[in-house]
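# Working through the structure, step by step
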Amino acid sequence: MTRIIAGRAGSLVLDVPDAGTRPTSDRVRESLFGALASSGVLDGAAVLDLYAGSGALGLEAASRGAASVDLVEKAPRAATVAQRNAGRVAKAIGDGGAIRVHRSAVDAYLRTARGPFDLVFLDPPYDVGETELAATLALLAPLVADGADVVIERASRSPEPALPDGLVASRSKRYGDTTLWWATTA
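Below you will find a few notes about this structure. For clarity, every value in this text was computed on a predicted model and none was experimentally measured.

### Here we look at the overall build of the protein
Tallying secondary structure elements over the protein gives five helices and nine strands in all. Along the protein, helices (α) and strands (β) appear in the sequence β-β-α-β-α-β-α-β-α-β-α-β-β-β when read from the amino end. In terms of C-alpha radius of gyration, the protein reaches 15 Å, essentially the compact-globule figure of 16 Å for 186 residues. Overall size of the protein, expressed as C-alpha extent along the three principal axes, is 40 × 35 × 35 Å.

This is the structure in structure tokens:
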């Protein structure tokens, strides 16, 4: 079961697509959002959740005070689930933030997106290769705000993501089969 952990929509259960996604575990999300909350990055943030799946990461940010959240998901079934979850979270938080779901390939979205974004989550499918991920990060870099956080979720067996000019690695944390790589603007 996937749920919103804390904030104005805390404990709200989220639907998860029946196939093709790998939801971030509650344990990883708790740790991630604990770190984000302690740094104060969530309040009023413009958040971008790429490869959103159910939307759990972006919607957690909305629940905790983000001003806007853009969920980007190409798979039609997953995008439908993300839209349904976004509606539930929006209802629970009231007029506290704008949540938008974009049915689009990530790179196509980034080519037309307008930033800046204060916080970006990337949780690409494991079959997205390192070269593809590097190209996506290169498209993303001009859209992030100064001091923004970019969090990349990958399989622990994956190498450290290759970051483009404009982004620098700041830390990483392994959680069993999952590793979170953090980057910020240079």
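Now, onward.
### Structural notes on the pattern of salt bridges
Close approach of charged atoms lets side chains of opposite charge pair. Tallied over the full model, the rule gives seven salt bridges. With a shortest N-O distance of 2.8 Å, Arg84 and Asp15 are connected by a salt bridge. Separated by 69 residues along the polypeptide, Arg84 in helix H3 (residues 76-93) and Asp15 in the loop between strand E2 (13-14) and helix H1 (26-39) bring together distant segments of the chain. Here Asp15 falls in the partly exposed class, since its relative accessible area comes to 24%. One salt bridge in this structure joins Arg100 and Asp70, with 2.9 Å as the shortest N-O distance. Within this pair, whereas Arg100 is found in strand E5 (residues 98-103), its partner Asp70 is found in strand E4 (residues 68-73), the two being separated by 30 residues in sequence. Residue Asp70 is classed as buried on the basis of its relative accessible area of 4%. Here the residues in one salt-bridge network are Asp15, Arg84 and Arg88, joined through shared partners.

### Re the packing of aromatic side chains
Taken as a whole and judged by the stated rule, the model has one aromatic pair. Pairing Phe33 with Phe121 gives two aromatic rings, centres 5.7 Å apart and planes at 45°, and the pair type is tilted. Taken together, the residues Phe33 in helix H1 and Phe121 in strand E6 (residues 117-122) connect sequence positions 88 residues apart. According to the relative accessible area criterion, Phe121 is buried, its value standing at 1%.

### Considering the pairing of strand E7 (residues 144-155)
The buried count for E7 comes to ten of twelve residues, which makes it a mostly enclosed element. Pairing between E6 and E7: five bridges, direction parallel. Each residue of the ladder has a partner; that of Leu122, found in E7, is Ile152. Looking at chain direction, E7 and strand E9 (residues 178-185) are connected through seven bridges and run antiparallel. Bridge pairing in E9 links Asp149 to Thr184.

### Thoughts on the pairing of strand E8 (residues 167-175)
The pairing of E8 with E9 spans eight bridges and is antiparallel. For Val168, the partnering residue across the bridge sits in E9 and is Thr184. Linking E8 back to E9 in an antiparallel pair, the connection comprises two residues, with Gly176 at a positive phi of about 60°.

### Remarks on the nonpolar core
With 32 residues, the main nonpolar core has Leu32, Leu36, Leu71, Val89, Ile99 and Phe121 as its most contacted residues. Listed by contribution, the elements that provide at least two residues to this core are H1, helix H2 (56-63), E4, H3, E5, E6 and E9. For this core, the leading source of residues is H2, giving five residues. Residues Leu50, Val120, Leu122 and Leu137 belong to the second largest nonpolar core, which totals 26 residues.

### What about the packing of H2 against H3?
Relative to each other, H2 and H3 sit at 10°, their axes nearing to 10 Å. Taken together, the axes of H2 and H3 are roughly parallel relative to one another. Together, Leu59, Ala62 and Ser63 of H2 and Asn85, Ala86, Val89 and Ile93 of H3 make up the contact between the two elements.

Criteria and thresholds
- Residues numbered from 1 in each chain as written.
- Predicted model: local features only at pLDDT ≥ 70, side-chain atom pairs only at ≥ 80, totals over all residues.
- Heavy atoms only, no water.
- Helix = DSSP H or I, 4+ residues; strand = E, 2+ residues; numbered from the N terminus.
- Rg over C-alpha atoms; globule rule 2.2 N^0.38 Å.
- Salt bridge = Lys/Arg side-chain N within 4 Å of Asp/Glu carboxyl O.
- Buried < 20%, exposed > 50% of the residue type's maximum accessible area, 1.4 Å probe, protein only.
- Phe/Tyr/Trp six-rings, centres within 6.5 Å; stacked < 30°, edge-to-face > 60°.
- Pairing = 2+ DSSP bridges.
- Core = buried A, V, L, I, M, F, W, Y, C linked by side-chain atoms within 4.5 Å.
- Axes fitted to C-alpha atoms, helices over the stretch in contact; angles between N-to-C directions.
- Parallel < 35°, antiparallel > 145°, perpendicular 65-115°, else oblique.
- Contact = heavy atoms within 4.5 Å.

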